[in-house]
Each structure stands twice: as C-alpha cells, then as structure tokens.
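Understanding the architecture of this molecule
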Amino acid sequence: MGKAGVGLLTAVGFLFFSCGLNQSSTTEIPPQKLETVKQIGETASTTLLKRLKKELKTALTSQGPVGAIETCSKKALTITKEVAQEVKGVKEIKRTSFKYRNPLNKPDQYEAEALKFFEESMKKTGKLPPYYVQKVNGEYRYYKPLKVMPVCLICHGDPQKMNPAVVKKLKELYPEDKAVGYKEGDFRGGIRVSIPEEVVEKSSN
Ligand code: HEC
C-alpha cells in the first residue's frame, strides 16, 4: 500500500463492505480498488444527475409541474439505463430511497444498508458523507447520496403546500407514493452504481 493509499483510507474513514449474504463486515477495500470504484461511480452518478436535472428543468419550463411529472415518470428509468450503458465499466445504475415513489426504485437489502449508513451519519453529524462503497455478490456498489433542494419540493414536498394539480397527478400515477413530506436539506435517497469485480481487478493493477 503506497503513501497516497494510506492517506486516502484515513481521509475516507468509513469503508464498510458486506461479503456475501447477510453479514456486513468492516473489512477495508484495498485503496487502489477503492480508487477505481470511486472514479467510475462518481463519473456515472454525476453524469446521471446532470442528465436528469437538465431534463427536469426543460420539462418544468416547457410544460409546467404537472407535465414534468409525466416526463419524469416516463424518462427517468430510460435515462438511467442509457447512462449505465454509456459509462465504461458500469453494469447497472439505480436510484433508490426508503421513501420511494416508483416501486421499481424500492431498495434491496444491500441498498437498505447503504441508505441506513447515510441516514445515520446525517442524524449524528448533520452532514451527508460523500459516498458509500460495498462489495456484494461479485460486484462493487458505489452509492452517492442525494439531498432535497428547493426545486424538489414541487413534487416531493408537503402535500398541503404543493400545487393541488401536482398532488392529484402524483396520486393517479403513484397511488402508493411514499416520496412526499420532505424539507429542504433532507436526505432523499441515493444513486447506486454497480461495477463488476473483474472491471475493478483489471483497472486497479
Ligand atoms: C416534476 C416533479 C418532480 C420534481 C421537481 C422532482 N422529482 Fe423526483 N421524482 C418524480 C417522479 C415522478 C418520480 C418517480 C419516477 C422515477 O423517477 O422513477 C421521482 C423519483 C425520484 C427518485 C427515485 C426514487 C423514488 O422515489 O422513486 C429520486 C431519488 C428523486 N425523485 C429525487 C428528486 C430530487 C433530489 C429532486 C430535486 C432535485 C426531485 N426528485 C425533483 C418527480 C419529481
């Protein structure tokens, strides 16, 4: 392990990864591998975020909030798949949250572990750590946490204060919607980027 690697590990501080089934361990991921996972994970998640924000902005200005809901619900998953295909080394990307709107975004047990990590760090320190990395079933998973910004409240805020037409549209499309009641600054959920173990092995030598 080089000096840079040691520094990185110290700076990062929180590296947990679960090996295999239900146990999660605090075993550290070797620094070169972590660097590769971080690089690919950051590229993929920031590309996705930029793409989604641009799409949201265009939809809000050209169609207003109700139309933008339709656009989000039709395009978000497609855009997510596209970015996963475009960014080298990525197998899959998913957006997930404990309070999900789209049932397809419901967290699996490993995602739940990552979300919990962010949620608890937020409770303890008032801040979100920049990422979380896991090793699960032959892949590395990089998670980027998401915060609620003012624009998000149009569709994820307090239903009492939201545009009634928006509330109505959301009820129609997502009768079991859990993704409301947020305030600015809240932890909203995360982006999970899956990177196969072989990719990390090859790029880390
Ligand atoms: C115009 C309405 C609208 C706005 C504004 C909006 N969202 Fe959403 N959001 C949706 C819809 C509709 C879905 C469900 C469809 C999908 O994306 O899978 C969703 C889903 C999500 C998901 C995936 C998890 C889930 O609940 O299904 C996340 C994460 C998310 N939004 C975060 C945000 C953030 C962060 C912002 C602010 C930057 C934001 N949203 C702004 C409508 C909106």
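Conventions and cut-offs
- Residues numbered from 1 in each chain as written.
- Predicted model: local features only at pLDDT ≥ 70, side-chain atom pairs only at ≥ 80, totals over all residues.
- Heavy atoms only, no water.
- Near = heavy atom within 4 Å.
- Polar contact = N/O pair within 3.5 Å; in protein donor to acceptor, adjacent residues only side chain to side chain.
- 1 Å grid on protein atoms, 1.4 Å probe; cavity = no way out; pocket = protein on both sides within 12 Å on 5 of 7 lines; lining within 4 Å.
- Sits in = over half its atoms within 2 Å of the grid points.
- Helix = DSSP H or I, 4+ residues; strand = E, 2+ residues; numbered from the N terminus.
- Nonpolar A, V, L, I, M, F, W, Y, C, P; charged D, E, K, R; others polar.
- Buried < 20%, exposed > 50% of the residue type's maximum accessible area, 1.4 Å probe, protein only.
- Contact = heavy atoms within 4.5 Å.
- Donors = N, O, S within 2.8 Å, 3.2 Å for Na, K, Ca; no water.
- Core = buried A, V, L, I, M, F, W, Y, C linked by side-chain atoms within 4.5 Å.
- Points joined across faces, edges and corners; volume = space filled by probe spheres on them.

Moving on, we come to the site of the ligand. Taken together, 23 residues surround the ligand, and among them Arg 95, Cys 152, Cys 155, His 156 and Arg 188 come closest. The contact in question runs from an oxygen atom of the ligand to an N or O atom on the backbone of Asn 102, over 3.0 Å. In this structure the site holding the ligand corresponds to the largest pocket. For the shell around the ligand, the elements supplying multiple residues, two or more each, are α2 (31–86), β3 (139–147) and α4 (153–156). No other element matches the seven residues that α2 contributes to the shell around the ligand. The residue makeup of the shell around the ligand, split by class, is 14 nonpolar, four polar and five charged.

Looking at where Ile 93 falls in the secondary structure, it is placed in strand β1 (residues 92–96). Residue Ile 93 is classed as buried on the basis of its relative accessible area, which comes to 8%. Between the alpha carbons of Ile 93 and Arg 141 there is a distance of 9.4 Å; along the sequence they are 48 residues apart. Not counting residues within four places of it along the chain, the set of residues in contact with Ile 93 comprises Ala 44, Leu 48, Thr 80, Val 83, Ala 84, Ile 191, Arg 192 and Val 193.

Attention now moves to the coordination of the iron atom of the ligand. Counting protein donors around the iron atom of the ligand gives one, His 156 (NE2), at 2.2 Å. Structurally, the position occupied by His 156 is in helix α4.

When you line up the elements, Ser 97 lands in the loop between β1 and α3 (109–125). In terms of polar contacts, Ser 97 uses its side chain to reach the backbone amide nitrogen of Lys 99, at 3.1 Å. Each residue touching Ser 97, except ones within four places of it in the same chain, is listed here: Asn 105, Pro 107, Leu 115, Tyr 182, Arg 188 and Gly 189.

Peptide bonds are mostly trans, and most non-glycine residues show a negative phi. You will see that Asn 137, though not glycine, has its phi angle at about 40°, which is positive. Note that Asn 137 resides in the loop between β2 (132–136) and β3. On the basis of relative accessibility, which here comes to 56%, the residue Asn 137 falls in the exposed class.

Moving on, we come to the nonpolar core. Core analysis: the largest hydrophobic core is formed by 24 residues, its most contacted members being Val 37, Leu 48, Val 90, Ile 93, Val 133, Ile 191 and Val 193. Contacts of Ile 191, omitting those with residues within four sequence positions, involve Ser 45, Leu 48, Leu 49, Ile 93, Lys 94, Arg 95, Tyr 142, Tyr 143, Lys 144 and Leu 146. One finds Ala 114, Phe 117, Tyr 132 and Tyr 143 within the second-largest nonpolar core, a separate group that totals eleven residues.

For the rest of this paragraph, the subject is the layout of surface pockets. Picture a little ball the size of a water molecule; that probe, rolled over the atoms, points out where space is still empty. Roughly 950 Å³ of internal volume is contained in the largest pocket. Lining of the largest pocket is provided by 38 residues; of these, Leu 52, Cys 72, Arg 95, His 156 and Arg 188 occupy positions nearest its centre. Only α2, β1, β3, α4 and β4 (187–196) provide two or more residues apiece to the lining of the largest pocket. Ranked by residues supplied to the lining of the largest pocket, first place goes to α2 with 16 residues. Taken together, the residues of the lining of the largest pocket sort by class into 21 nonpolar, nine polar and eight charged. Roughly 230 Å³ of internal volume is contained in the second largest pocket. Every residue lining the second largest pocket is counted, 13 residues in all, and those nearest its centre are Leu 77, Thr 80, Lys 81, Glu 92 and Ile 93. Among the elements of the structure, α2 and β1 are those that each provide at least two residues to the lining of the second largest pocket. Of all the elements, α2 adds the most residues to the lining of the second largest pocket, at five residues.

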